[in-house]
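Descriptive structure summary
Listed here are the chains, written in short residue letters.
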Amino acid sequence: MKRSLFFALIFMLFACSNDPKSGQEGVPAVASTPTAPASPVSTPDGQPARLDATLTLVAAPNTIKKGGEACIDITCAGFVDLVSMQYTMLWDKSILAFKEVKSFGLPYLGPNSFGAHRSAEGELTFVWIDNSLKGVTKPDGSILFQVCFSAVGNTGQASAFRFSDQPTAIEAVHKDVKLVNFQGVEGVIKVQ
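The notes below deal with the structure included here.

Basis of the calculations
Residues numbered from 1 in each chain as written. Predicted model: local features only at pLDDT ≥ 70, side-chain atom pairs only at ≥ 80, totals over all residues. Heavy atoms only, no water. Helix = DSSP H or I, 4+ residues; strand = E, 2+ residues; numbered from the N terminus. Buried < 20%, exposed > 50% of the residue type's maximum accessible area, 1.4 Å probe, protein only. Contact = heavy atoms within 4.5 Å. Areas by Shrake-Rupley, 256 points an atom, 1.4 Å probe, with all protein chains shown as cover. Salt bridge = Lys/Arg side-chain N within 4 Å of Asp/Glu carboxyl O. Pairing = 2+ DSSP bridges. Disulfide = S-S within 2.5 Å. Phe/Tyr/Trp six-rings, centres within 6.5 Å; stacked < 30°, edge-to-face > 60°. Core = buried A, V, L, I, M, F, W, Y, C linked by side-chain atoms within 4.5 Å. Polar contact = N/O pair within 3.5 Å; in protein donor to acceptor, adjacent residues only side chain to side chain.

Comments concerning the overall build of the protein
Counting its secondary structure elements, the protein contains one helix and 12 strands. If you list the helices and strands of the protein from N to C, you get α-β-β-β-β-β-β-β-β-β-β-β-β. Burial analysis of the protein (192 residues in total) assigns 34% to the buried set. By sequence separation, contacts in the protein at least 24 residues apart represent 77% of the contacts at least 6 residues apart. Summed over all atoms, the accessible surface of the protein reaches about 11,200 Å², with 54% contributed by carbon and sulfur.

Remarks on the pattern of salt bridges
Within this structure, the stated rule accounts for four salt bridges. Between lysine 99 and glutamate 69 there is a salt bridge, with the nearest N and O atoms lying 3.8 Å from each other. Taken as a pair, lysine 99 in strand 5 (residues 96-102) and glutamate 69 in strand 3 (residues 69-77) lie far apart in primary sequence, 30 residues in all. Classification of lysine 99 by relative accessible area gives partly exposed; the value is 44%. Taking relative accessible area as the criterion, glutamate 69 reaches 58% and is therefore assigned exposed. Across the pair arginine 118 and glutamate 123 runs a salt bridge whose closest N-O atoms are separated by 2.8 Å. The buried category is assigned to glutamate 123, whose relative accessible area is 16%.

Some remarks on the pairing of strand 12 (residues 187-191)
Only one face of strand 12 is covered, namely the one carrying Gly187, Ile189 and Val191; the face carrying Val188 and Lys190 has none of its residues buried. By the bridge criterion, four bridges tie strand 9 (residues 158-164) to strand 12 in an arrangement that is antiparallel. Paired with alanine 160 across the two strands is valine 188, which belongs to strand 12.

Considerations on the state of the cysteines
Scanning all chains against the criterion turns up one disulfide. Each sulfur in the disulfide pair cysteine 71 and cysteine 148 lies 2.0 Å from the other. Between cysteine 71 and cysteine 148, the S-S dihedral sits near 95 degrees, and the bridge is therefore right-handed. With a gap of 77 residues between them, cysteine 71 in strand 3 and cysteine 148 in strand 8 (residues 143-151) connect regions that are remote in the sequence. Residue class for cysteine 148 comes out buried when judged on its relative accessible area of 4%.

Some remarks on the environment of lysine 134
By the secondary structure assignment, lysine 134 is in the loop between strand 7 (123-129) and strand 8. On the basis of relative accessibility, which here comes to 63%, the residue lysine 134 falls in the exposed class. Taking the C-alpha atoms as reference points, lysine 134 and leucine 82, 52 residues apart in sequence, are found 8.3 Å from one another.

Topic: the packing of aromatic side chains
For the structure on display, the rule yields 15 aromatic pairs. Taking the centre distance of 4.9 Å and the plane angle of 70 degrees together, the rings of tryptophan 91 and phenylalanine 149 count as edge-to-face. Of this pair, tryptophan 91 sits in the loop between strand 4 (82-90) and strand 5 while phenylalanine 149 sits in strand 8, placing them 58 residues apart in sequence.

Thoughts on the nonpolar core
Ranked by size, the top nonpolar core spans 36 residues in total, and within it Phe79, Met85, Met89, Phe145, Val147 and Phe149 carry the most contacts. By residue number, the principal contributor to this core is strand 8, which donates five residues. Beyond its immediate sequence surroundings of up to four residues, valine 147 is in contact with Ala70, Cys71, Ile72, Ile74, Met89, Phe98, Glu100, Val101, Leu124 and Phe161.

Some points on the side chain of threonine 125
You can see threonine 125 is positioned in strand 7. Among the residues examined, threonine 125 registers a relative accessible area of 14% and is labelled buried. When neighbours within four sequence positions are excluded, threonine 125 is seen to be in contact with Tyr87, Thr88, Ser113, Phe114, Gly115, His117, Pro167 and Thr168.

Regarding the side chain of serine 159
Residue position: serine 159 is located in strand 9. Exposure remark for serine 159: the relative accessible area of 1% places this residue in the buried category. At 2.9 Å, the side chain of serine 159 and the backbone nitrogen of aspartate 92 are in polar contact. The contact partners of serine 159, leaving out residues within four places of it in the chain, are Trp91, Asp92, Ile95, Leu96, Gly187, Val188 and Ile189.

Read these as spatial facts, not as claims about activity.
This is the structure:
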């Protein structure tokens, strides 16, 4: 009995040490599926840990001819080693009608990152995650994406385009699983 138990143990060790998925002899394979970012680290008082850094997003001002279409650029400053961010964008629905989002300047960013289900109410929610979890850095002034509208308001009217924490909370997360301060600079879209 001892001899068969010994051979079974040797067989198991031999099988694990030659696993081609592990990449190393003697090391069992481990799944390499990326996982979602962990929740931000908390401080002793229960508050999320923050880096002394600020992500600034700017909604560039623009003009639209009455009945015409135009896009607003969303640019960044301080976009360093981020793995996720989320927020809501708001505008006056009586002046602007949402058309589309385009010109995606981040990996893993596309139309599915935007919640347009409330765009008729003047709200566009946004969530982006760097699926590689390595962190993304963009030069200051880079365009992250464009939000496009048609002008339904009258000549001379204007709508602010701003970043909000309602209904989607504002959050930007660094690759070290710490929150980054967020500053949104609103833009104004004028109808000509």
